[in-house]
Amino acid sequence: MLYWLTELTTEFAFLNVFRYITFRTGGAVLTAFLFVFLFGPRIIKSLRLRQGKGQPIRKEGPERHLLQKQGTPTMGGLMILSGMTVAVLLWGTLRNSYVWAVLLLTLVYGAVGLYDDYLKVTKQSAEGFRGRIKIVIETAAALVVTAFIVHVGQEPLATSLAIPFFKSVLINLGWLFIPFGAFIIVGAGNAVNLTDGLDGLAIVPVMIAAATFGFISYFVGNILFADYLQIHFVAGTGELAVICGALVGAGLGFLWFNAPPAQIFMGDTGSLALGGALGTIAVATKHELVLAIVGGLFVLEAASVIVQVTSYKLFGKRVFRMAPLHHHFEQKGWAESTVVIRFWIISVALALAGLATLKLR
């Protein structure tokens, strides 16, 4: 659709707005939101009928979750991915290699998460896809996409790690950048997955991170802004702002149904895909380390699990009352809404800190 509209701008000047990334990003936000908001009730009804008992709740989790959340349908990520995909296909430049890299990685991760959710629902067990096989598939997809991003990029930047605050500092990793980029993508996907444990907890930080990287993508892909902000210019990445806009819009639509008490959970279908999308955008825009700041909440959640497991295996002691981190605060007596809102506040602060790195370099 966009291709034909941009071609018509040569004859109809008023259609020239379709050439602007900012206009199309706004269009993607609105389109994705309306799609999820309008079709959400039908999707939820269909999933509830098909799943019966809904997503099984972990027995080792907080006790009140067994009472309050049992029977809620999962696979809500289908709503998000559908809205995002429709918006990107309508408003994105489909000749852009980065758009396809992010979109395909997101859908592959979504498919992995969908199968995981399917196994959990059909077996009525919190154990889904075998962990090792799951990681192997995620890693393979991330390696292919990272290699493609390196291929379409320009040397030496394509294989280099940019350091925040220092434009002149580039660490050229050579072929090692491919496994490094894959690590970022896989890590981001699983970190968001671990964060998705309370109603509305994961989707808002994802939207905040997506909005932040929407700005970053636009600036990095614009040679004038990149020069002014003293960041590395990566031609073509400005188009990723449209994908970020689609993620924000779809996330807003999903939040309408995921707000406490949630009518549906995003499941691994959504969390893996959304985290993978953010990781891929960070790799494409050369802001891998900034993702650790903007997505700091996801890093904390993942780190809490690693610390808890390591401490228990080595010393037989738990550092937190329960991991991931949001369950620790629940066990301390915080209400679910308190945990969620305070984590949202942290996400906003970290996003602002990430944006600050653009001008501090």
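Residues numbered from 1 in each chain as written. Predicted model: local features only at pLDDT ≥ 70, side-chain atom pairs only at ≥ 80, totals over all residues. Heavy atoms only, no water.

(A) Representation of the overall build of the chain within the structure. The helix and strand tally for the chain stands at 15 helices and two strands. Burial analysis of the chain (361 residues in total) assigns 53% to the buried set. Across the chain, contacts joining residues at least 24 apart in sequence account for 74% of those joining residues at least 6 apart. In the structure as shown, the chain presents an accessible area of about 16500 Å², 68% of it carried by carbon and sulfur atoms. (Helix = DSSP H or I, 4+ residues; strand = E, 2+ residues; numbered from the N terminus. Buried < 20%, exposed > 50% of the residue type's maximum accessible area, 1.4 Å probe, protein only. Contact = heavy atoms within 4.5 Å. Areas by Shrake-Rupley, 256 points an atom, 1.4 Å probe, with all protein chains shown as cover.)

(B) Region of the structure containing the side chain of lysine 286. Take lysine 286: it is sitting in the loop between helix H11 (267-284) and helix H12 (288-294). At 3.2 Å, the side chain of lysine 286 and the backbone oxygen of leucine 157 are in polar contact. A polar atom in the side chain of lysine 286 sits 2.8 Å from the backbone oxygen of serine 160. Setting aside anything within four residues of it in sequence, one finds lysine 286 in contact with Leu157, Ala158, Ser160, Ala162, Phe177 and Val234. (Polar contact = N/O pair within 3.5 Å; in protein donor to acceptor, adjacent residues only side chain to side chain.)

(C) Expanded view of the pairing of strand S2 (residues 166-172). Summarising the sheet, strand S1 (residues 160-163) and S2 pair through four bridges and their orientation is antiparallel. Opposite serine 160, over in S2, you have asparagine 172 as the bridge partner. (Pairing = 2+ DSSP bridges.)

(D) Structural view of helix H13 (residues 296-315). With 20 residues, H13 should cover 28 Å at 1.5 Å per step; its first-to-last C-alpha distance of 27 Å lies within 8% of that length. Looking only at H13, the buried set comprises Gly296, Leu297, Phe298, Glu301, Ala302, Ser304, Gln308 and Ser311. Looking at the residues trailing H13, positive phi occurs at glycine 316, about 70°. (Expected span 1.5 Å × (residues − 1).)

(E) Inspection of a nonpolar patch on the surface at higher detail. Residues Leu30, Leu34, Leu38 and Phe39 make up a contiguous nonpolar surface patch of roughly 370 Å² in combined accessible area. Tracing the chain through its elements places phenylalanine 39 in helix H2 (residues 21-51). (Patch = residues over 30% accessible without salt bridge, like charges linked within 9 Å, V, L, I, M, F, W, Y side chains within 5 Å. Salt bridge = Lys/Arg side-chain N within 4 Å of Asp/Glu carboxyl O.)

(F) A look at the packing of aromatic side chains. Across all of its chains, the model carries twelve aromatic pairs by this definition. Measuring from centroid to centroid gives 5.6 Å for phenylalanine 33 and phenylalanine 37, while their planes differ by 20°, and the two rings are stacked. In this pair, phenylalanine 33 and phenylalanine 37 both sit in helix H2, four residues apart, roughly one turn of the helix. By relative accessible area, phenylalanine 37 is classed as partly exposed at 29%. Considering the side-chain rings of phenylalanine 329 and phenylalanine 343, the 6.1 Å spacing of their centres and the 85° angle between planes classify their relative orientation as edge-to-face. Here phenylalanine 329 is found in helix H14 (residues 325-331), whereas its partner phenylalanine 343 is found in helix H15 (residues 336-360), with 14 residues between them in sequence. For phenylalanine 329, a relative accessible area of 18% puts it in the buried group. By relative accessible area, phenylalanine 343 is classed as buried at 3%. If you follow arginine 342 out to its NZ or CZ, it ends over the ring of tryptophan 334, 4.6 Å from the centre. (Phe/Tyr/Trp six-rings, centres within 6.5 Å; stacked < 30°, edge-to-face > 60°. Lys NZ or Arg CZ within 6 Å of the ring centre and 35° of its normal.)

(G) Geometry of the pattern of salt bridges. For the structure on display, the rule yields six salt bridges. The closest approach of N and O atoms between arginine 24 and glutamate 239, which form a salt bridge, is 2.4 Å. Residue arginine 24 is located in helix H2, and its partner glutamate 239 is located in the loop between helix H9 (223-229) and helix H10 (240-258); the two are separated by 215 residues in the primary sequence. Its relative accessible area of 6% is what places glutamate 239 among the buried residues. One salt bridge connects lysine 286 with glutamate 288, and the closest N-O pair in it is separated by 3.7 Å. Just as lysine 286 is buried, glutamate 288 falls in that class too. Beyond isolated ion pairs, a larger network of salt bridges with shared partners links Asp116, Lys120, Lys134 and Asp268.

(H) Spotlight on unusual backbone geometry. A cis amide bond, omega 0°, links glutamate 155 with the succeeding residue proline 156. The omega torsion of the bond from proline 260 to proline 261 falls at -10°, within 30 degrees of zero and hence cis. Counting through the fold element by element, proline 261 comes out in the loop between H10 and H11. Even without glycine at this site, methionine 75 takes up a positive phi of about 70°. Within the secondary structure, methionine 75 sits in the loop between helix H3 (63-68) and helix H4 (77-91). Methionine 75 gets classed as buried once you look at its relative accessible area, which sits at 9%. At lysine 286, a residue that is not glycine, the phi angle is positive and equals roughly 65°. Its relative accessible area of 5% is what places lysine 286 among the buried residues.

Take it as geometry only, folks, not as evidence of what the structure does.
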